[in-house]
Amino acid sequence: MPEVSAATLPAMPISGRRGVKAMASSLFALTKPRIIELLLVTTIPTMLLADRGLPSAQILLVTLAGGALAAGSANTINCFIDRDIDAVMRRTSRRPLARPASLAVVKPLEALIFGIVLGAVATVLLGTMVNWLSATLADAAILFYVFVYTIGLKRRTPSNIVIGGAAGCFPVLVGWSAVTGTVSLPAIVLFAVIFFWTPPHFWALAMKFRDDYAAASVPMLPVVAPATVVARKILIYSYIMVASTLALALYAGWLYAICAVGLGAWFLAEAHRLHARVVRAAVPAAASVPAAAGGAAAKGAEREVDEGTCAGIPWPSANPASMRLFHRSIAYLTLLFAAIAVASLMPWGRW
């Protein structure tokens, strides 16, 4: 799942005082609570669909608690590893571990221990009170997010969020296995929906904060490719995502199918809107380069940066319109899973 702006997190203390309240606030911020909220939005409807109704209160509450702890563990360890680049990027510079040492409330080692403890508690909770398959899947999500995405991919390849985004798909597997004790085809389809939703969602955000990622030498796609390429890939992934949502219709029922078609059309319209605006903005930029430049400069103006690099960006971050798609992608996923929840609880919504 994507990272949120530091502005959405609780304000950090202005000094390095280590009071209980300040420590608790900082540790809570390290878990990235807004991301956890979105993960729980996908977990609850998945459990309703797996049960074809309401699962037991204990299974529901314990799974949500364990999932939240597991996500908080992964996010905290991510903040520990990325504290150097978080300090460079304005969007993340207020995170607890990104603050100067003299103003820090939580020390890096304390944050790392906190993240590991959260993961251990999540494992024990899910394993003993739900089932060990759910616990294993939650652990797999933590390990994937930390070692595959944060350490392995994020600073090395523009495909980081495409592959690494799979970590945010595990909650639906955890929710499904908590109810059924297995991972079956509908759960895999839900995994695919979130997998293909993540790149359009995060690339839209990264288009807005491209300069931040460039300053931190993180090769997010909008840093190493022109906006036109990013917008085209957003469009492609959006179509694949919508197709994935329709694959669930046979299992979820006609009520869900109607909602998925309507929401999919809306999201595709937004993706086309962004693509059209980016293309229109790129044409004047390329046309403004003198023809005497032999075409090479025009090509550079269109591309803005050389692919495979993270530096030398001559223009400031553009495409604020991409934030429109970013926010609508959150609304889209929330409404889609709300439709799953409603269809699961309403027997007349089935085929």
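Look a little higher up for the structure.
Here the structure is a predicted model, which is why all the values come from computation and not from measurement.

## As for the side chain of Asp 212
Here is step 1: When you line up the elements, Asp 212 lands in helix 10 (residues 210–215).
Here is step 2: Of the residues examined, Asp 212 reaches a relative accessible area of 6% and is grouped as buried.
Here is step 3: When neighbours within four sequence positions are excluded, Asp 212 is seen to be in contact with Met 89, Arg 90 and Arg 91.

## A look at the side chain of Thr 31
Here is step 1: Considering the arrangement of structural elements, one finds Thr 31 in the loop between helix 1 (20–30) and helix 2 (33–51).
Here is step 2: At 2.5 Å, the side chain of Thr 31 forms a polar contact with the backbone oxygen of Phe 28.
Here is step 3: Beyond its immediate sequence surroundings of up to four residues, Thr 31 is in contact with Ile 36, Gly 72, Asn 75, Thr 76, Phe 114 and Leu 118.

## Structural notes on the packing of aromatic side chains
Here is step 1: Taken as a whole, this structure holds 10 aromatic pairs when the rule is applied.
Here is step 2: Aromatic side chains Phe 144 and Phe 170 sit 6.3 Å apart centroid to centroid with 45 degrees between the ring planes, which places their arrangement in the tilted category. Of this pair, Phe 144 sits in helix 6 (residues 132–153) while Phe 170 sits in helix 8 (residues 170–180); the two residues are 26 residues apart in sequence, bridging distant segments of the chain.
Here is step 3: Aromatic pair Trp 176 and Tyr 251: ring centres 5.9 Å apart, planes at 55 degrees, arrangement tilted.

## Here we look at the nonpolar core
Here is step 1: Trp 203, Tyr 213, Met 220, Leu 248, Tyr 256 and Tyr 332 are the most contacted members of the largest nonpolar core, which has 86 residues in total.
Here is step 2: The element best represented in this core is helix 9 (residues 185–208), accounting for 13 residues.
Here is step 3: Counting 10 residues, the second largest nonpolar core, distinct from the first, contains Ala 22, Cys 79, Phe 80 and Ala 111.

Conventions we followed
- All chains use their own residue numbering, which begins from 1 and follows the written sequence.
- Given that this is a predicted model, residues contribute local features only at a pLDDT of at least 70 and side-chain atom pairs are listed and counted only at 80 or more, while totals for whole chains, interfaces and linings are drawn from all residues.
- As a rule here, side-chain values come from all non-hydrogen atoms in the structure, and water together with hydrogens is ignored.
- Helical segments are the DSSP runs of H or I of at least four residues, strand segments are the runs of E of at least two, and each set is numbered from the N terminus.
- To sort residues, take the accessible area from a 1.4 Å probe on protein chains only and compare it with the maximum for the residue type: under 20% means buried, over 50% means exposed, and anything in between is partly exposed.
- Contact criterion: two residues are considered in contact whenever any of their non-hydrogen atoms come within 4.5 Å of each other.
- Here a polar contact is taken to be a pair of N or O atoms separated by no more than 3.5 Å, where protein atoms must pair a possible hydrogen donor with a possible acceptor and residues adjacent in sequence count only if both atoms sit in side chains.
- Any pair of Phe, Tyr and Trp rings, taking the six-membered ring for Trp, is counted once the centres come within 6.5 Å. Such a pair is stacked with planes under 30 degrees apart, edge-to-face with planes over 60 apart, and tilted for the rest.
- Grouping buried Ala, Val, Leu, Ile, Met, Phe, Trp, Tyr and Cys residues that are joined through side-chain atoms within 4.5 Å yields what is termed a nonpolar core.

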